[in-house]
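Letter by letter, the chains look like this.
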Amino acid sequence: MGISAADPLSGTITQILRTVTQGGDMEKLWPCLLVLMNLPGAFLQIDLDRNAFVFPKESENSYVTLFPQLQKPMKAFTVCLQVYTDLTRPYSLFSYATKSQSNEILLFKERPGLFSVSVGGSDAFIKFPETFYTPQHFCVTWESITGLTELWVDGKPMVRASLRRGYTVGSGASIVLGQEQDSFGGGFDKNQSLVGDIEDVNMWDFVLSPRQIHTLYTTGALSPNVLNWRNLRYETRGEVFLKKELWL
């Protein structure tokens, strides 16, 4: 099921959001809004600040599809997100697939302390200090001109790696949270699924500077131009729930 601007339910959502932003009774409205946001397959565009997508169990059919504000080939990008999980097996954080390349961009946790970044089907492996039972903030950057990719963990840079120098990331992508796409929009494996919370997913079509990444980690005060958590278009499938974040 999808919700479009022409649907009556879309008007209900709009009215609720308007009431909230105009100083309505949030305590009464929030439960209603949560029901609407957690409808399976509901297509929404909303400010998700202080909220997280919750994947409560291993699954091959629970995921979130994100719809970018900008669709064009990219010579650079930055993706940032925050995740809270106790998984020790491999799992996908961010899957960006095109019809010609399922791993056009893939952010993947191989095991505790080892992160992989894929661009155009090529992989770079980056070590980082693991922490447990606390959310971790990840930023990944890549630029075509040098092929350099960076992993930032909780505002700190890891050792740079290199892959796909001169490459152009394709457009028309299927962007998925919670699963790795082995084909365009599908091919999921529950053994690579996320179990936990993910939030603050943002994307730019350029490389953020070290100062900008530090600012994002400490204050969140930047404006993404591809994916914006504060104005996100998304669709949920399966057992994925939008809940208030557990941490402050």
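- Per an unreviewed UniProt entry, the protein is named Pentraxin family member, and its organism is Vulpes vulpes.
- Quoted verbatim from the Sequence similarities (unreviewed entry) heading of the UniProt record, the comment on the protein is "Belongs to the pentraxin family."
- UniProt's Subunit (unreviewed entry) comment on the protein is quoted here verbatim: "Homopentamer. Pentaxin (or pentraxin) have a discoid arrangement of 5 non-covalently bound subunits."

### Quick look at the overall build of the protein
Argument step 1. Looking only at helices and strands, the protein features 3 helices and 16 strands.
Argument step 2. Taking all 248 residues of the protein together, the buried fraction comes to 52%.
Argument step 3. Accessible area of the protein: about 11,400 Å², with a carbon and sulfur share of 53%.

### Quick word on the pairing of strand β4 (residues 76–84)
Argument step 1. Burial of β4 is extensive: 8 of the 9 residues sit out of reach of the surface.
Argument step 2. Where β4 and strand β9 (residues 136–143) come together, 8 bridges link them in antiparallel fashion. If you follow Phe77 over to β9, its bridge partner there is Trp142.
Argument step 3. Of the pairings in the sheet, the one linking β4 to strand β14 (residues 196–204) comprises 6 bridges and is antiparallel in character. In the sheet register, Gln82 faces β14, and the bridge partner there is Glu199.

### Quick notes on the side chain of Ser193
Argument step 1. Relative to the assigned elements, Ser193 resides in the loop between β13 (174–177) and β14.
Argument step 2. Its relative accessible area of 1% is what places Ser193 among the buried residues.
Argument step 3. Only 3.4 Å separates the side chain of Ser193 from the backbone oxygen of Ser59, close enough to count as a polar contact.
Argument step 4. Among all residues touching Ser193, those that are not within four sequence positions of it are Glu58, Ser59, Leu87, Arg89, Tyr91, Gly178 and Gln179.

### Focus: the layout of surface pockets
Argument step 1. As a volume, the largest pocket reaches approximately 550 Å³.
Argument step 2. Considering the residues around the largest pocket, the lining is formed by 24 residues, among which Asp200, Leu216, Tyr217, Thr219 and Gly220 are closest to the centre.
Argument step 3. Put simply, the parts of the chain that give the lining of the largest pocket at least two residues each are β4, β14 and α3 (210–219).
Argument step 4. Considering every element that reaches the lining of the largest pocket, the biggest residue donor is α3, with 4 residues.
Argument step 5. Considered class by class, the residues forming the lining of the largest pocket number 9 nonpolar, 8 polar and 7 charged.

### Let's talk about empty space enclosed by the protein
Argument step 1. Applying the stated rule across the entire model yields 2 cavities of 30 Å³ or more.
Argument step 2. By volume, the largest cavity amounts to about 70 Å³.
Argument step 3. Every residue along the wall of the largest cavity is listed here: Val83, Tyr84, Thr85, Leu87, Tyr91, Lys109, Glu130, Thr131, Phe132, Tyr133, Thr134 and Gln136.
Argument step 4. For the lining of the largest cavity, a count of residues per class yields 6 nonpolar, 4 polar and 2 charged.
Argument step 5. Approximately 50 Å³ is the volume attributed to the second largest cavity.
Argument step 6. Around the second largest cavity, the lining residues are Pro68, Leu70, Gln71, Lys72, Met74, Tyr96, Asp205 and Val226.
Argument step 7. Across the lining of the second largest cavity, the residue classes tally to 5 nonpolar, 1 polar and 2 charged.

Reading the values: the criteria
Residue numbering note: each chain is counted from 1, following its sequence as written. Totals for whole chains, interfaces and linings use every residue, but because this is a predicted model, local features are given only for residues with pLDDT of at least 70 and side-chain atom pairs only at 80 or more, for both listing and counting. With hydrogens and water stripped out, all remaining heavy atoms of the structure feed into the side-chain values. UniProt positions are given in the numbering used here, feature names are shortened, and annotations may be inferred rather than shown by experiment. Each helix is a run of DSSP H or I of at least 4 residues and each strand a run of E of at least 2, with the numbering of both proceeding from the N terminus. Relative accessibility thresholds used throughout: buried, under 20% of the residue-type maximum; exposed, over 50%; partly exposed, between the two (1.4 Å probe, protein chains only). Only the protein chains shown count as cover for residues, and all accessible areas are computed by the Shrake-Rupley method using a 1.4 Å probe. Strand pairing requires that DSSP identify at least two bridges connecting the strands. Pairs of N or O atoms within 3.5 Å make up the polar contacts considered here, provided that, within protein, one atom can donate a hydrogen while the other can accept it, and that residues adjacent in sequence are counted only when both atoms are side-chain atoms. We call two residues contacting when some pair of their heavy atoms lies within 4.5 Å. Space inside and on the surface of the protein is sampled on a 1 Å grid over the protein atoms alone, with a cavity defined as a set of points where a 1.4 Å probe fits but cannot get out and a pocket as an open set with protein on both sides within 12 Å along at least 5 of 7 lines; lining residues have an atom within 4 Å of a point. Grid points are joined across faces, edges and corners, and a volume is the space filled by probe spheres set on the points. We call Asp, Glu, Lys and Arg charged. Ala, Val, Leu, Ile, Met, Phe, Trp, Tyr, Cys and Pro are nonpolar, and the rest, Gly among them, are polar.

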